[in-house]
Amino acid sequence: MSATITPDTRAVLALCAHLGGLGHAANPLSNKEYQALACWLRERGLRPADLFCTEVQEQLRDHPLGDRIRALLDRHNAVAIAVEAWTQRGVWILSRADAAYPLGWRRRLRDKAPPLLFGVGNRDLLQAQAVAIVGSREADGEALAFAGALGRDVATSGRAVVSGAAKGVDHAAMTAALGVGG
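Residues numbered from 1 in each chain as written. Predicted model: local features only at pLDDT ≥ 70, side-chain atom pairs only at ≥ 80, totals over all residues. Heavy atoms only, no water.

Draft legend 1. Just the overall build of the chain, in detail. A tally of regular secondary structure across the chain gives 8 helices and 4 strands. Ordering the α and β elements of the chain from the N terminus gives α-α-α-α-α-β-α-β-β-α-β-α. By its C-alpha atoms, the chain is 60 × 30 × 30 Å across when sized along the principal axes. The contacts in the chain between residues at least 6 apart in sequence include a share of 66% that link residues at least 24 apart. When the accessible surface of the chain is totalled, it reaches about 10,300 Å², and 53% of it is carbon and sulfur. (Helix = DSSP H or I, 4+ residues; strand = E, 2+ residues; numbered from the N terminus. Contact = heavy atoms within 4.5 Å. Areas by Shrake-Rupley, 256 points an atom, 1.4 Å probe, with all protein chains shown as cover.)

This is how it looks when you write it as structure tokens:
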């Protein structure tokens, strides 16, 4: 297993990730199902990685999703292959169990915060204040120049630019922010 993810994240990946053809044992848990499992773990003073322990898997026998959870955890080889492929491409992975998971997301979204985050680039920007810059894909030159100037200004002020990266306004803002180290 790659050292780029924690044991907790390895467990959450096994439970919640769609692995693109690898490990078809069971459907991954939905956000709602994972939240119910996370509550079950907290009530017992456990972490996601503890699910790999035989004693904890025995406790799952009485859990409504116990058989499915055990089947998903058996995808550890598929998870290892997927993580290796993703990390070779520069993708980082965080789970809600990781200290680096954005604190603002935890506070605002609480139990609706996504169990997993995948990204590329400086993940520390997840902790920064951010401004979303989105707009038309068919923007004219003036709108693109404005989006670029706004992206630069936001990035140079120490805030992150959040964008969907679509062509047009999104791309102009994102490219400008990246151009100044944002």
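After that view of the structure, there is still more to cover.
Draft legend 2. The arrangement of the pattern of salt bridges in detail. Scanning all chains against the criterion turns up 6 salt bridges. Salt-bridge contacts for Arg-70 lead to Asp-67; the nearest nitrogen and oxygen are separated by 2.4 Å. Of this pair, Arg-70 and Asp-67 both sit in helix α4 (residues 66-73), 3 residues apart, roughly one helical turn. A relative accessible area of 15% places Arg-70 in the buried class. (Salt bridge = Lys/Arg side-chain N within 4 Å of Asp/Glu carboxyl O. Buried < 20%, exposed > 50% of the residue type's maximum accessible area, 1.4 Å probe, protein only.)

Draft legend 3. Expanded view of the packing of aromatic side chains. All told, the structure shown has 2 aromatic pairs when counted by the stated rule. Taken together, a centroid distance of 5.2 Å and an interplanar angle of 80° make the contact between Trp-86 and Phe-118 edge-to-face. With Trp-86 in helix α5 (residues 76-88) and Phe-118 in strand β2 (residues 116-120), the pair connects residues that are 32 residues apart, well separated along the chain. Residue Trp-86 is classed as partly exposed on the basis of its relative accessible area of 21%. With a relative accessible area of 42%, Phe-118 lands in the partly exposed category. (Phe/Tyr/Trp six-rings, centres within 6.5 Å; stacked < 30°, edge-to-face > 60°.)

Draft legend 4. Expanded view of the packing of helix α1 (residues 7-16) against α4. Where α1 contacts α4, the axes come no closer than 8 Å and their chain directions differ by 115°. Note that α1 runs across α4; the crossing there is right-handed. The segment α1 lies against α4, with Ala-11, Ala-14 and Leu-15 engaging Ile-69, Leu-72 and Leu-73. Residue classes in the contact of α1 with α4 are distributed as 6 nonpolar, no polar and no charged. (Axes fitted to C-alpha atoms, helices over the stretch in contact; angles between N-to-C directions. Left-handed = near helix turned anticlockwise from the far one by under 90°. Nonpolar A, V, L, I, M, F, W, Y, C, P; charged D, E, K, R; others polar.)

No statement about biological role is implied by the geometric values presented.
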